[in-house]
Amino acid sequence: MTLGDRLLIVAILISSAIAALFIYLKPFNKELINEQTVIISCKGAVIKKVTLSEKRHGKTFNVMGRIGLVTVETLGKQIRIQEAPCHDRLCIRQGWISRPGQSIVCMPSELLITIEGNSPVDAVTR
Amino acid sequence: MLDSRRVVYISLMIAMGSAIHLIEGALLPLPIPGIKPGLANIVTLLALYLYGLKEGMLVALMRVLIGSFIGGIFLSPGFFLALSGSIASTLIMAFLLRQTKCFSMVGVSIAGAVAHNTGQLIAAAIILENRAVIFYLPILLITGIPAGFLTGYLLQCLLKRSDSSTILNGFIRR
């Protein structure tokens, strides 16, 4: 063990401590874990990706479905279809989704909204 | 120049590296996922020490390749992690061995282990397309120190004993 070795070990320890401070304590990382990606696809093709996090304020946006514009609303970590041109409006009645693995489907629009990630449970019956 | 003696020794090192790599992976239980002593790094470091960057890189890459063939992880995410880690650590160790004078084998090995972990982590972030793996960085930096210390110390013992061992004499006295 030379002096250089010892200095190197100390330098690595210090840098890992600094890295730990930055990574574990910085508030932005809370958001990093809690972020969820929502994939909106039409006819199987991804048309939009949205990131959901608790800090984000609600907003609405339009996506083009097969039979017209569909209005999607996000609020915190939730997402729903607010307005759609379909007759049965089943997609709107599916309401808010927020957990990974959940999805909203609008068949007439051929639109699929999925929250990315694995569901913590295999399935949910309602 | 294609020195056949050299070719044989490099092949031997690759074979030893692959064997150590596999035995280590199969026999040693891992206390924390993704963390192991990286004993196969001894062989890479030996090749770097005896020959140079080109040969060390060759030994490291072939070890990863053969190890992945035997272990059945060729072209899987784990293979790319091992590959990027090996490349990073070999480059760093070659630089420290050749360009600086203030580090012993232990220091070079520690730097190599830390570089290996960092390289793996960067590859993991790219493969998983997820920045959250950076949470592992401080853990991997710290665990690189004992792992590197162990391999570096073992190599130092090996080099010390090389005078009295005929097989190692072949390695050391080119």
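Figured I'd write up the structure that's included with this text. In this text the structure is predicted, and so the values were computed from the model without any measurement.

Basis of the calculations
Residues numbered from 1 in each chain as written. Chains lettered and ligands numbered in written order. Predicted model: local features only at pLDDT ≥ 70, side-chain atom pairs only at ≥ 80, totals over all residues. Heavy atoms only, no water. Helix = DSSP H or I, 4+ residues; strand = E, 2+ residues; numbered from the N terminus. Buried < 20%, exposed > 50% of the residue type's maximum accessible area, 1.4 Å probe, protein only. Contact = heavy atoms within 4.5 Å. Areas by Shrake-Rupley, 256 points an atom, 1.4 Å probe, with all protein chains shown as cover. Core = buried A, V, L, I, M, F, W, Y, C linked by side-chain atoms within 4.5 Å. Salt bridge = Lys/Arg side-chain N within 4 Å of Asp/Glu carboxyl O. 1 Å grid on protein atoms, 1.4 Å probe; cavity = no way out; pocket = protein on both sides within 12 Å on 5 of 7 lines; lining within 4 Å. Points joined across faces, edges and corners; volume = space filled by probe spheres on them. Nonpolar A, V, L, I, M, F, W, Y, C, P; charged D, E, K, R; others polar.

**A look at the overall build of chain A**
Alright, step 1. Counting secondary structure elements, chain A contains 3 helices and 7 strands.
Alright, step 2. Secondary structure elements of chain A, listed N to C terminal, follow the sequence α-α-β-β-β-β-β-α-β-β.
Alright, step 3. Every one of the 126 residues in chain A was classed for burial, and the buried ones make up 37%.
Alright, step 4. The contacts in chain A between residues at least 6 apart in sequence include a share of 28% that link residues at least 24 apart.
Alright, step 5. Carbon and sulfur atoms make up 57% of the accessible area of chain A, which totals about 7900 Å².

**Focus on the nonpolar core**
Alright, step 1. Core analysis: the biggest nonpolar cluster contains 35 residues, and B:Met13, B:Leu45, B:Val59, B:Ile110 and B:Leu155 have the highest contact counts within it.
Alright, step 2. Counting residues per element, the ones that place at least two in this core are α1 (3-25) of chain A together with α1 (4-27), α2 (41-50), α4 (77-99), α5 (105-128) and α6 (137-161) of chain B.
Alright, step 3. Membership of the second largest hydrophobic core comes to 21 residues, among which are A:Ile40, A:Leu52, A:Cys86 and A:Ile104.

**Notes on the pattern of salt bridges**
Residue and element names in this part refer to chain A.
Alright, step 1. On inspection of all chains with the given rule, the structure shows 4 salt bridges over all chains.
Alright, step 2. For the salt bridge of Glu110 with Arg66, the shortest nitrogen-to-oxygen distance reads 3.1 Å. Taken together, the positions of Glu110 in the loop between β6 (103-106) and β7 (111-115) and Arg66 in the loop between β3 (59-64) and β4 (69-75) put the pair 44 residues apart, joining distant regions of the chain.
Alright, step 3. Arg89 serves as the salt-bridge partner of Glu83, at 2.6 Å between the closest nitrogen and oxygen.
Alright, step 4. Residue classification places Glu83 among the partly exposed residues on the basis of a relative accessible area of 37%.
Alright, step 5. For Arg89, a relative accessible area of 36% translates into the label partly exposed.

**What about the layout of surface pockets?**
Residue and element names in this part refer to chain B.
Alright, step 1. Put simply, the largest pocket is a space of about 750 Å³.
Alright, step 2. Secondary-structure elements contributing two or more residues to the lining of the largest pocket are α1, α2, α3 (53-71), α4, α5 and α6.
Alright, step 3. Looking at the lining of the largest pocket residue by residue, the class counts come to 16 nonpolar, 21 polar and 3 charged.

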